[in-house]
Amino acid sequence: SETRPSMVFREQNCFVVGIVRDGGRIEEKDGLDTIADATLQRCASNERGLQLLDLSFTAFTSLFLSEFAEAVCHNTELREVYLDSCCISDEGLRLLSQGLARNAEHNL
């Protein structure tokens, strides 16, 4: 039987572990940290027109989730975030919910 990967990603020196494939297998890909960093910057800068963000099928570290929660807490443009099949741990959900709760007044 296939073993599911750990759902807690603690690599503090990166934002992304990899792409989530069928069966929960994580596939490492080059360049994902650069994309994640740019996404965080766009969210934190409240980029005009960034209303939908689809981050599905990406395995993030706690560092990314913490930074993302902070970036969206004052964002007034972002309206929808999709995180389907991201293997987010309970800790990650807690981090995200804190940022999203602070953003509630901005319609996210």
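Our structure's up above, just so we're on the same page.
This structure is a prediction, so every number in the text was calculated from the model and none was measured. (Residues numbered from 1 in each chain as written. Predicted model: local features only at pLDDT ≥ 70, side-chain atom pairs only at ≥ 80, totals over all residues. Heavy atoms only, no water.)

### Describing the sheet that holds strand S2 (residues 26-27)
Part 1 of the reasoning: With antiparallel pairing, the three strands of this open sheet are ordered in space as S2-S1-S4. Two strands bound the open sheet, and with one partner strand each, they are S2 and strand S4 (58-60). (Pairing = 2+ DSSP bridges. Helix = DSSP H or I, 4+ residues; strand = E, 2+ residues; numbered from the N terminus.)

### Notes on the pairing of strand S1 (residues 16-20)
Part 1 of the reasoning: Across the five residues of S1, five count as buried, placing the element largely inside the fold.
Part 2 of the reasoning: Pairing of S1 with S4, which is carried by three bridges, proceeds in the antiparallel orientation. Opposite Val16, over in S4, you have Phe60 as the bridge partner.
Part 3 of the reasoning: Relative to S2, S1 runs antiparallel, the two sharing two bridges. Residue pairing across strands places Ile19 opposite Glu27, the latter belonging to S2.
Part 4 of the reasoning: Taking the residues that link successive antiparallel strands as the turn, the S1-S2 hairpin has five residues, and the phi of Gly23 there is positive, at about 75°. (Buried < 20%, exposed > 50% of the residue type's maximum accessible area, 1.4 Å probe, protein only.)

### Some points on the nonpolar core
Part 1 of the reasoning: If you look at the biggest cluster of nonpolar residues, it comprises 20 residues, and the most contacted ones within it are Cys43, Phe60, Phe64 and Phe68.
Part 2 of the reasoning: Looking at this core, the elements with two or more residues in it are S1, helix H1 (32-44), helix H2 (62-72) and helix H3 (90-103).
Part 3 of the reasoning: If you tally residues by element for this core, the top one is H2, at five residues. (Core = buried A, V, L, I, M, F, W, Y, C linked by side-chain atoms within 4.5 Å.)

### Some thoughts on unusual backbone geometry
Part 1 of the reasoning: Even without a glycine there, the phi angle at Phe57 is positive, about 65°.
Part 2 of the reasoning: Along the polypeptide, Phe57 turns up in the loop between strand S3 (52-54) and S4.
Part 3 of the reasoning: One non-glycine residue, Cys87, lies in positive phi territory at about 55°.
Part 4 of the reasoning: By the secondary structure assignment, Cys87 is in the loop between strand S5 (80-82) and H3.

### Some words on the pattern of salt bridges
Part 1 of the reasoning: Scanning the entire structure with this criterion turns up four salt bridges.
Part 2 of the reasoning: Residue Arg25 pairs with Glu27 through a salt bridge whose shortest N-O separation is 3.8 Å.
Part 3 of the reasoning: When salt bridges that share partners are traced, they join Arg21, Arg25, Glu27 and Lys29 into one network. (Salt bridge = Lys/Arg side-chain N within 4 Å of Asp/Glu carboxyl O.)

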